[in-house]
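# Architecture and fold: a report
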Amino acid sequence: MEQSKLWQKGIVYQIYPRSFADSNGDGIGDIPGIISKLDYLKSLGISILWLSPVYPTPNADFGYDISDYMGINPEFGTMDDFDRLIKEAKKRGIRIVMDLVVNHTSDEHPWFKASKDANSPYHEYYIYKKGPRPGVPPNNWTSNFGGPAWEYVPEIDEWYLHLFSKKQPDLNWRSEKVIEEVEKVLRFWLDRGVYGFRCDVINQIYKESFEDGKWKPWLIGQERYLMKEGNHAILKRLHDDVFAHYDCMTVGETYNVDFKNARRFMDGELDMVFQFDTMNADKVIVPIFVTKRWHKKFKKTLSDWEEQVNWNAVYLENHDQKRSVSRFGSKTKHDLSAKMLATLLLTLKGTPFIYQGEEIGMEDYPLFKKKEYKDPVNFWLYGLLRKFHFSDKQCLRFVNNMNRDHARTPMQWDDGPAAGFSSNQATWLPVNPNYKKYNVKAEEANPDSVLSYYRKLIKLRSSDEVLVLGSYEKMDTKSSIFAYYRLYGGKMHFVLLNLTDRRVTLPKAIREMKGKVLLSNYEGAGFTYKKFLRPYESLIVDLSE
Ligand code: GLC
Ligand code: CA
């Protein structure tokens, strides 16, 4: 494993700072809170921490709207706290990765404020266009957060583009000045000792043309700006000018990326990309409709990506997705299903990204009420559905299917007030009522818990070059079973997962295999003598002679 890079042999843990640990009792997580949990993270065995944005922000999108790229959100602490975090993490063999949000800034960023004057040098930092007629935006594109993607500025009779909320104006990447500003930002953090960046919606920064988009029920205009030549050129430039000169990693959030573009991104632009196909496995037409019959697509997308690119950024949840155990696992067989999903996450070829709380099996919040919503997307969606005369109950149900607040409830540390997240019971989002059952303290004390299983699994993966470096080879099976080999240096491991809550019969080829079980989520399980897999059963088997 000597020759592999830290981001290949290491495991990434994503922190959503607002919800991780609150040190000063204001109900909001912060950097000193993160520092206080570094020993826990070290004991888990992770080596890279990706922090969702920690920069100053008016919180229109909880940090994904940045008003100063070279500062720290005062709610989270100071630059001294951040420097201390880098230092304390390094002491424990952990490196920090920042979130780089440069498709857009906040509308409260000084660049944007200045840009509203047509004669200002900052005007070109953003994408302003005239409308065809008074009151009509430049084209029909819609925003990810609802409504048209353009906002009118009466002072200059121009519209600016915002692919997210109107408080997140898109930067103009055709401007040389914007490129230079961003390069300055990158160097600023890399020189402070940061280990790299997770690049937010990075495959849409270059808008190739501004013609109308094809009509779709969701997000019109994407074909004009997703993964264009100009996009690749910019990332290549950032790589050559900056990233190539540091020991660092980059992972792109690349919405709807295809294999071809993913391979291009990974050829001298970025180290890895997050694909979205798996996250769409349970979606039907638009993201508010979901199906329980996702198994086939889920498996196929993961498997195809393993075959099609050299190295994946493997994830099953993050701050934008519902909790994986609630989505692809089970409430009644919670621990078994969470462990099965963990096995998948840590044995595919690629870098595993664990999202805070995933390692203790945190679940979706029981149906959010409207007054509990924080994510702006929820309010827009709820309002839209109401216009179509859905009842309050129906609206809540639909919003629930894509509600990003689920993954953002406070981390559950113990069974005390506010789950040990804060000394203040008035946390910014409510604590999930299941915290007495699922929390770090209780699970540390229980050798059969999801957390204890994660520890074993991480230990196994970190010391096993077959699981890190081995090639991936799928075995064709029915969709309830996910089975694959990992091959390296003459050694062969076999991973066998039951994706369902039912007993499934094993094909003969598997029944006849002989090998040593390295890890199982049913204690003492072997498969050689059995005809079936139990619900959510997962096995890692060494088939080497
Ligand atoms: C990414 C982030 C998401 C954010 C959006 C706009 O998808 O993960 O949280 O709302 O970009 O920055
Ligand atoms: Ca705080």
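Residues numbered from 1 in each chain as written. Chains lettered and ligands numbered in written order. Predicted model: local features only at pLDDT ≥ 70, side-chain atom pairs only at ≥ 80, totals over all residues. Heavy atoms only, no water.

### Here we look at the overall build of the protein chain
Assigned secondary structure in the protein chain consists of 17 helices and 20 strands. On C-alpha atoms alone, the protein chain measures out to a radius of gyration of 23 Å, which is about the 24 Å that the 2.2 N^0.38 rule sets for 545 residues. Across its three principal directions, the C-alpha atoms of the protein chain cover 75 × 55 × 50 Å. Relative to its 545 residues, the protein chain shows a buried fraction of 62%. Partitioning the intrachain contacts of the protein chain with sequence separation of at least 6 by distance along the chain shows that 68% fall at a separation of at least 24. Accessible area for the protein chain stands at about 21400 Å²; split by element, carbon and sulfur atoms hold 51% of it. Distance between charge centres in the protein chain, computed from 78 positive and 73 negative side chains, equals 7 Å. (Helix = DSSP H or I, 4+ residues; strand = E, 2+ residues; numbered from the N terminus. Rg over C-alpha atoms; globule rule 2.2 N^0.38 Å. Buried < 20%, exposed > 50% of the residue type's maximum accessible area, 1.4 Å probe, protein only. Contact = heavy atoms within 4.5 Å. Areas by Shrake-Rupley, 256 points an atom, 1.4 Å probe, with all protein chains shown as cover. Lys, Arg positive; Asp, Glu negative; His and termini not counted. Charge placed at Lys NZ, Arg CZ, Asp CG, Glu CD.)

### Topic: the site of ligand 1
If you check the shell around ligand 1, you find 13 residues, and the closest are D61, D200, E253, H319 and D320. Contacts to ligand 1 include D200, whose side-chain N or O atom sits 2.8 Å from an oxygen atom. Interatomic distance of 2.5 Å between a side-chain N/O atom of D320 and an oxygen atom of ligand 1. Summarising the interface, the protein chains cover 95% of the accessible area of ligand 1, which totals 310 Å² for the free molecule. Residues belonging to the shell around ligand 1 are distributed by class as follows: four nonpolar, two polar and seven charged. (Near = heavy atom within 4 Å. Polar contact = N/O pair within 3.5 Å; in protein donor to acceptor, adjacent residues only side chain to side chain. Nonpolar A, V, L, I, M, F, W, Y, C, P; charged D, E, K, R; others polar.)

### Structural notes on the coordination of the calcium ion (ligand 2)
Around the calcium ion (ligand 2), the donor atoms from the protein are D22 (OD), N24 (OD1), D26 (OD), I28 (O) and D30 (OD), and they sit 2.3 Å away. Since its relative accessible area comes to 34%, D26 is described here as partly exposed. Using a relative accessible area of 2% as the deciding quantity, one classes D30 as buried. (Donors = N, O, S within 2.8 Å, 3.2 Å for Na, K, Ca; no water.)

### As for unusual backbone geometry
In this structure, D157 is a non-glycine residue whose phi angle is positive, near 50 degrees. Within the secondary structure, D157 sits in the loop between strand 5 (150–153) and strand 6 (158–161). We note that M227 has phi near 55 degrees; this positive angle belongs to a residue other than glycine. With respect to the element layout, M227 can be found in the loop between strand 7 (196–199) and helix 7 (229–241).

### Some points on the sheet that holds strand 12 (residues 312–315)
Think of a sheet as strands paired side by side through backbone hydrogen bonds, with each pair either parallel or antiparallel. Pairing within the open sheet is parallel, and its eight strands lie in the order 9-8-7-3-2-1-13-12. Two strands close off the open sheet at either side, each with one partner strand: strand 9 (272–274) and strand 12. Each neighbouring strand pair of the sheet contributes to a mean axis angle of 25 degrees, computed without reference to strand direction. In the sheet, strand 7 pairs with strand 8 (residues 249–253) via four bridges, with the strands oriented parallel. Paired with F197 across the strands is T250, a residue of strand 8. Each of strand 12 and strand 13 (350–355) touches helix 11 (residues 334–347); the most contacted strand, strand 13, lies at about 140 degrees to it. (Pairing = 2+ DSSP bridges. Axes fitted to C-alpha atoms, helices over the stretch in contact; angles between N-to-C directions.)

### Here we look at the domain arrangement of the protein chain
Split into domains, the protein chain comes out as domain 1 (9–104 + 176–458), domain 2 (110–161) and domain 3 (469–542). Spacing between the C-alpha centres of domain 1 and domain 2 amounts to 29 Å. Counting from both sides, the interface comprises 21 residues of domain 1 and, opposite them, 19 residues of domain 2. When domain 1 packs against domain 2, close to 1800 Å² is buried across both sides, 61% of that on carbon and sulfur atoms. Among the residues domain 1 hides against domain 2, the three largest losses belong to K177, E181 and F210. Together they make up 31% of the total. If you look at where domain 1 meets domain 2, you find one salt bridge. The closest approach of N and O atoms between K177 and E124, which form a salt bridge, is 3.7 Å. The interface formed by domain 1 and domain 2 holds six residue pairs in polar contact (both at pLDDT 80 or more) in total. (Domains from an automatic or database assignment. Buried area = accessible area lost by both parts, 1.4 Å probe. Salt bridge = Lys/Arg side-chain N within 4 Å of Asp/Glu carboxyl O.)

### Looking at the packing of helix 6 (residues 176–191) against helix 7
The geometry of helix 6 relative to helix 7 is characterised by a closest axis approach of 11 Å and an angle of 40 degrees between their N-to-C directions. When the axis of helix 6 is compared with that of helix 7, the two are oblique. When you trace helix 6 past helix 7, the crossing you get is right-handed. For the pair helix 6 and helix 7, contact is made by E176, I179, E180, E183, L186 and R187 and by R237, L238 and D241, respectively. Of the residues assigned to the contact of helix 6 with helix 7, the class counts are three nonpolar, no polar and six charged. (Parallel < 35°, antiparallel > 145°, perpendicular 65-115°, else oblique. Left-handed = near helix turned anticlockwise from the far one by under 90°.)

### Let's talk about the side chain of Q8
By secondary structure assignment, the location of Q8 is in helix 1 (residues 6–9). With near-sequence residues (within four places) excluded, Q8 lies in contact with W311, T351, R461 and V468.

### Considering the sheet that holds strand 15 (residues 481–488)
Pairing within the open sheet is antiparallel, and its five strands lie in the order 14-15-16-20-18. Every interior strand has two partners, whereas the edge strands, strand 14 (471–474) and strand 18 (516–520), have only one. Between one strand axis and the next, the sheet turns by 25 degrees as a mean value, whatever way the strands run. Where strand 15 meets strand 16 (residues 491–498), eight bridges bridge the pair, whose relative direction is antiparallel.

### Overview of the pattern of salt bridges
Within this structure, the stated rule accounts for 33 salt bridges. A salt bridge links R84 to D81; the shortest N-O distance between them is 3.3 Å. Taken as a pair, R84 and D81 lie in helix 4 (residues 79–91) at a separation of three residues, close to a single helical turn. When its relative accessible area of 37% is taken as the criterion, R84 is described as partly exposed. The salt bridge involving R455 is made with E444; its shortest N-O contact spans 2.5 Å.

### Brief notes about the environment of P447
Relative to the helices and strands, P447 is located in the loop between helix 14 (440–445) and helix 15 (450–462). Those residues in contact with P447 that sit more than four places away from it in its chain are S452 and K456.

### What to know about the side chain of Q168
With respect to the element layout, Q168 can be found in the loop between strand 6 and helix 6. Overall, Q168 belongs to the buried group, its relative accessible area being 0%. Not counting residues within four places of it along the chain, the set of residues in contact with Q168 comprises D61, Y64, D65, H104, T105, F145 and H162.

### Some thoughts on the packing of aromatic side chains
Tallied over the full model, the rule gives 40 aromatic pairs. With centroids separated by 5.1 Å and ring planes inclined at 55 degrees, the aromatic side chains of Y152 and W159 adopt a geometry described as tilted. Since its relative accessible area comes to 10%, W159 is described here as buried. Measuring from ring centre to ring centre gives 4.4 Å for Y365 and F368, while their planes differ by 20 degrees; the resulting arrangement is stacked. By relative accessible area, Y365 is classed as buried at 11%. In this arrangement the basic side chain of R18 is found over the ring face of W428, its NZ or CZ atom lying 4.7 Å from the centre. Taking the ring centre of F210 as reference, the NZ or CZ of K129 above it sits at 4.3 Å. (Phe/Tyr/Trp six-rings, centres within 6.5 Å; stacked < 30°, edge-to-face > 60°. Lys NZ or Arg CZ within 6 Å of the ring centre and 35° of its normal.)

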